[in-house]
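# Structure at a glance
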Amino acid sequence: MAGAVCFPDVIVSRPATLTLAVERWPIAGSFGISRGSKTEAVVVVAELDDGNVRGRGECVPYARYGESVDGVMAQINAMRPKLASGLDRRTLQMAMPAGAARNALDCAFWDLEAKRSSRPIHDVAGLPAPHELTTAYTISLDAPDAMAKGAKGVASRALLKVKLGAEGDAARIAAVRAAAPGSTLIVDVNEGWNDDNLAANFAACAEAGVVLIEQPLPEGKDQALGQMKRPIPVCADESFHDRASFPALTGKYDAVNIKLDKAGGLTEAMAMMVEAQQRNLTMMVGCMVATSLAMAPAVLLAQNARFVDLDGPLLLSKDRPDGLRYAGSLVYPPVPALWG
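Read on for an overview of the structure. (Residues numbered from 1 in each chain as written. Predicted model: local features only at pLDDT ≥ 70, side-chain atom pairs only at ≥ 80, totals over all residues. Heavy atoms only, no water.)

### Focus: the overall build of the protein
For clarity, the cut-off: For the purposes of this entry, the term helix denotes a DSSP run of H or I that reaches at least four residues, the term strand denotes a run of E that reaches at least two, and both are numbered from the N terminus. Both definitions apply: the radius of gyration is a C-alpha atom measure, and the globule rule equals 2.2 Å times residues to the power 0.38. It only takes one pair of heavy atoms within 4.5 Å for two residues to be counted as in contact.
Along the backbone of the protein there are eleven helices and 14 strands. For the protein, whose C-alpha radius of gyration is 20 Å, the value lies close to the compact-globule estimate of 20 Å for 340 residues. Taken along the three principal axes of its C-alpha coordinates, the protein extends 60 × 40 × 40 Å. Sequence separation of 24 or more characterises 66% of the internal contacts of the protein that already satisfy a separation of 6 or more.

### Topic: the sheet that holds strand β2 (residues 36-49)
Applicable threshold: For two strands to be treated as a pair, DSSP must find at least two bridges joining them. Note on method: axes are straight lines fitted to C-alpha atoms, helices fitted across the in-contact stretch only, with angles between N-to-C directions ranging 0 to 180 degrees.
Strand order in the open sheet made by the three strands is β1-β2-β3, with antiparallel pairing throughout. Of all the strands in the sheet, the pair left with one neighbour each is β1 (17-33) and β3 (54-59). Going from strand to strand, the sheet's axes swing by 20° on average, the running direction of each strand aside. Here β1 pairs with β2 via 13 bridges, running antiparallel. Each residue of the ladder has a partner; that of V22, found in β2, is V44. Strands β1, β2 and β3 of the sheet are contacted by helix α1 (residues 69-77), whose axis makes an angle of about 155° with β1.

### Topic: the side chain of N190
Formally: Definition of a polar contact: a pair of N or O atoms within 3.5 Å, with one able to donate and the other able to accept a hydrogen when the atoms are protein atoms, and with sequence-neighbouring residues admitted only if both atoms are side-chain atoms.
Secondary-structure assignment places N190 in the loop between β7 (184-188) and α8 (198-207). Within the structure, the side chain of N190 is placed 3.0 Å from the side chain of K163, a separation counted as a polar contact. Here N190 is in contact with I33, S34, R35, K163, E214, Q215 and E238, once residues within four sequence places are set aside.

### Side note on the pattern of salt bridges
To keep things clear, this is the line we draw: The salt bridge definition used is simple: a Lys or Arg side-chain nitrogen within 4 Å of an Asp or Glu carboxyl oxygen. Here the term buried applies to any residue with accessible area under 20% of the maximum for its type, exposed to any over 50%, and partly exposed to those in between, with areas from a 1.4 Å probe on protein chains only.
Taken as a whole, this structure holds 22 salt bridges when the rule is applied. For the salt bridge of K115 with D111, the shortest nitrogen-to-oxygen distance reads 2.4 Å. Taken together, the residues K115 and D111, both in helix α4 (residues 100-117) and four residues apart, mark about one turn of the helix. With a shortest N-O distance of 2.9 Å, K259 and D237 are connected by a salt bridge. Remark: D237 occurs in the loop between β9 (234-236) and β10 (255-258) and K259 occurs in the loop between β10 and α9 (260-263); sequence separation between them is 22 residues. In this pair, the class of K259 matches that of D237, namely buried.

Put into structure tokens, the structure is as follows:
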């Protein structure tokens with residue numbers, strides 16, 4: 001990743017006007033984690049139009065972080081006077097806190113910059129041309145037999161992300177492993193374990209050949225991770241938001257999951273990746289359940305990640321036009337008609 005934060009040359013143009021939309025995208029079946037399940041993805045799309053070109057960004061308001069659709073819409077709408085006065089991506093970083101609202105605007109600015117300059121987004125960001133990546137595919141939390149059935153149907157995929165975080169997780173991971181013997185497995189607990197079952201669940205995951213465990217304990221209640229010998233590397237997700245999160249991870253986590261909605265956009269996420277490299281932390285780039293418009297900037301970011309989890313559109317009943325191309329376990333960079 002070239003540089004901590006990329007601010008390409010400003011292209012002189014009149015301020016962009018903002019359009020906001022809330023969209024609902026049905027999920028194919030349901031998506032279950034330790035905190036519950038849902039049947040649709042609700043996203044906010046920000047569009048910046050300067051009269052010649054437009055840039056788009058998509059975010060997912062997440063209740064776990066105190067966000068709501070109405071709240072995110074209000075945050076973005078509050079930026080209208082500043083947008084009219086010439087707010088750009090550089091000043092946006094100081095005008096808004098990290099989170100979904102800033103992510104939508106930040107990614108819309110990136111798209112706008114690429115369209116204004118008639119250059120590919122990687123060139124604008126000062127990065128090499130992106131290539132296809134191997135993405136994880138998520139197996140939702142359910143009964144062991146249901147998870148085994150889901151895993152068997154995608155057993156040809158190289159990387160599966162298994163949602164755990166409830167009583168009986170040992171049976172769940174064993175069932176998934178039996179159903180997908182050739183897949184690499186990573187586990188996402190979404191803060192669902194506790195100090196009492198931590199060691200037993202680690203042992204079950206080790207027996208199943210799991211290579212990474214994501215956020216096993218609740219944020220702020222994860223001290224046990226620093227006091228145990230970790231047989232499997234542990235990745236911070238809910239405990240990791242932006243660069244200010246790094247100091248609290250020391251001694252407890254071996255990896256970090258960078259998500260644009262937590263970071264507040266691609267600009268901060270690029271800086272997070274640089275610092276993660278400096279701290280010798282393994283990197284994952286993840287996503288919320290959303291359309292290809294939300295995944296597109298993350299594909300650019302994920303070029304240097306060890307683990308890629310950008311399967312959001314695959315979990316939907318349908319994706320938006322010009323969506324990312326998926327072929328087996330591979331996800332390809334976006335076309336300019338989508339983003340960048």
